[in-house]
Amino acid sequence: MRCPHCGATVKIRGRQWECGFCGDFGVLTASQLSQPFNHVQQEKPETISVSFPLSYNVNLPETWKEMKSTLRNILSEPSDQLITKLGATVIYEICHALSDPKRKLSDEKKRKLELFLKYTPDLGAVPSVSTIVTASKLPISQHEIEVYITIGQLSKSVCGCFWQELIRLLPSEDDPDQIGDLFLHLGHIYQYFASDSCDDLDSERQSELEEAFEYHWNHHRYLPPM
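Predicted model only: the values in this text are computed from it and were never measured. (Residues numbered from 1 in each chain as written. Predicted model: local features only at pLDDT ≥ 70, side-chain atom pairs only at ≥ 80, totals over all residues. Heavy atoms only, no water.)

Enquirer: When you look at the overall build of the protein in this model, what are you seeing that I'm missing?
Expert: The helix and strand tally for the protein stands at nine helices and three strands. For the protein, the α and β elements follow one another from N to C terminus as β-β-β-α-α-α-α-α-α-α-α-α. The buried share of the protein, taken over its 226 residues, is 39%. Residue pairs at least 24 apart in sequence account for 60% of intrachain contacts in the protein once pairs closer than 6 positions are excluded. Entry remark: accessible area of the protein is about 13,700 Å², with carbon and sulfur atoms responsible for 51%. (Helix = DSSP H or I, 4+ residues; strand = E, 2+ residues; numbered from the N terminus. Buried < 20%, exposed > 50% of the residue type's maximum accessible area, 1.4 Å probe, protein only. Contact = heavy atoms within 4.5 Å. Areas by Shrake-Rupley, 256 points an atom, 1.4 Å probe, with all protein chains shown as cover.)

Enquirer: Mind showing me how you'd approach the side chain of Thr89 here?
Expert: Mapped onto the secondary structure, Thr89 falls in helix 3 (residues 80–97). Using a relative accessible area of 0% as the deciding quantity, one classes Thr89 as buried. Those residues in contact with Thr89 that lie beyond four places of it in its chain are Ile151, Gly152, Phe162, Trp163 and Leu186.

Enquirer: For this particular structure, what's the right way to read a negative patch on the surface?
Expert: Side chains of Glu62, Glu66, Asp177 and Asp181 sit close together on the surface and give a patch of like negative charge. Looking at the element boundaries, Asp177 is found in the loop between helix 7 (161–169) and helix 8 (179–194). What makes Asp177 exposed here is its relative accessible area of 71%. (Patch = residues over 30% accessible without salt bridge, like charges linked within 9 Å, V, L, I, M, F, W, Y side chains within 5 Å. Salt bridge = Lys/Arg side-chain N within 4 Å of Asp/Glu carboxyl O. Lys, Arg positive; Asp, Glu negative; His and termini not counted. Charge placed at Lys NZ, Arg CZ, Asp CG, Glu CD.)

Enquirer: Please explain the nonpolar core as it appears in this structure.
Expert: Nonpolar side chains tend toward joint burial in soluble globular proteins. Membership of the largest hydrophobic core comes to 48 residues, with the highest contact counts inside it found for Phe162, Trp163, Leu166, Phe193 and Phe213. For this core, the secondary-structure elements that each account for two or more residues are helix 2 (60–75), helix 3, helix 4 (107–118), helix 5 (129–136), helix 6 (146–152), helix 7, helix 8 and helix 9 (201–221). Once residues lying within four places of it in the same chain are set aside, the contact partners of Phe193 are Leu60, Ile94, Ala97, Leu98, Arg103, Leu105, Lys109 and Leu113. In terms of nonpolar packing, the next biggest core, distinct from the first, is built from five residues, Val10, Ile12, Trp17 and Cys19 among them. (Core = buried A, V, L, I, M, F, W, Y, C linked by side-chain atoms within 4.5 Å.)

Enquirer: What's the story with the pattern of salt bridges in this structure? I'm lost.
Expert: A pair can form between side chains of opposite charge whenever their charged atoms are brought close. Scanning the entire structure with this criterion turns up six salt bridges. Of the charged contacts, one joins Glu208 and Arg205 as a salt bridge, the two residues approaching to 3.0 Å between their closest N and O atoms. A residue pair is termed a helical-turn pair when its members lie 3 or 4 positions apart in one helix, as Glu208 and Arg205 do in helix 9 at three residues. Residue classification places Arg205 among the buried positions, given a relative accessible area of 5%. Look at the salt bridges and you will find they share partners, linking Glu93, Arg205 and Glu208 into a network.

Enquirer: Honestly, the packing of aromatic side chains in this entry has me stumped. Any pointers?
Expert: The way to describe two aromatic rings as a pair is by their centre distance and the angle between their planes. A complete count under the given rule lists six aromatic pairs for this structure. Relative to Trp163, the ring of Phe162 lies with its centre 4.9 Å away and its plane at 75°, an arrangement referred to as edge-to-face. Neither residue differs from the other here; Phe162 and Trp163 are each classed as buried. Ring plane angle 70° and centroid distance 6.1 Å describe the contact between Trp163 and Phe213, whose orientation is recorded as edge-to-face. A residue pair is termed long-range when its members are at least 10 positions apart, and Trp163 in helix 7 and Phe213 in helix 9 qualify at 50 residues. Judged by its relative accessible area of 1%, Trp163 is buried. Put simply, the rings of Phe162, Trp163, Phe183, Phe213 and Trp217 pair up and form one aromatic cluster. The cationic tip of Lys109 hangs over the ring face of Tyr192; the distance from NZ or CZ to the ring centre is 4.4 Å. The ring centre of Tyr190 lies 5.6 Å from the NZ or CZ of Arg205, which sits over that ring. (Phe/Tyr/Trp six-rings, centres within 6.5 Å; stacked < 30°, edge-to-face > 60°. Lys NZ or Arg CZ within 6 Å of the ring centre and 35° of its normal.)

So, in structure tokens, the structure goes:
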């Protein structure tokens, strides 16, 4: 049955009807009661759709463990010094992820980073979280953590000490497939600290690192012999 006033479907309870749209109401006539709709119409619960942005999470100790394992798969027995340089590369990646002036580090991520730096001794000497956050907003020339940039930065124009040494130690043939796992983990770390949502920053960063590494790797392979 429809409301005679506005035409909306009405709710029927016993002999009474009520329009939920305009508020009109009335009593059913005998002829209306004899029709098939002579029953109480159940009010359907309103469905409310609420969407929450997916948060991006990274287990830093586990990621660090996997990165060391990847390095050992590539080089068999990497030196402790090279592993420390890998740790510096992780610190640089975190700093790079926070370089956007608008980017704020949440209290939860600060706490996770503090625990990671405190309880991961094979990272080597590491700066405090406050130093990382402050330095990440400054020009490179003013960085308090310049040493980590020197070691860990990788772009087509810059090849940090870690990457130079890794390229030098790799076999002269094609670069091993496992090297991509390092970029994968660094991409995850970058995503975690650069954004709070599940966007494509990790894959974008991974591609940047892969392209830069391939550029320097090819340059190294095709250098004329000394």
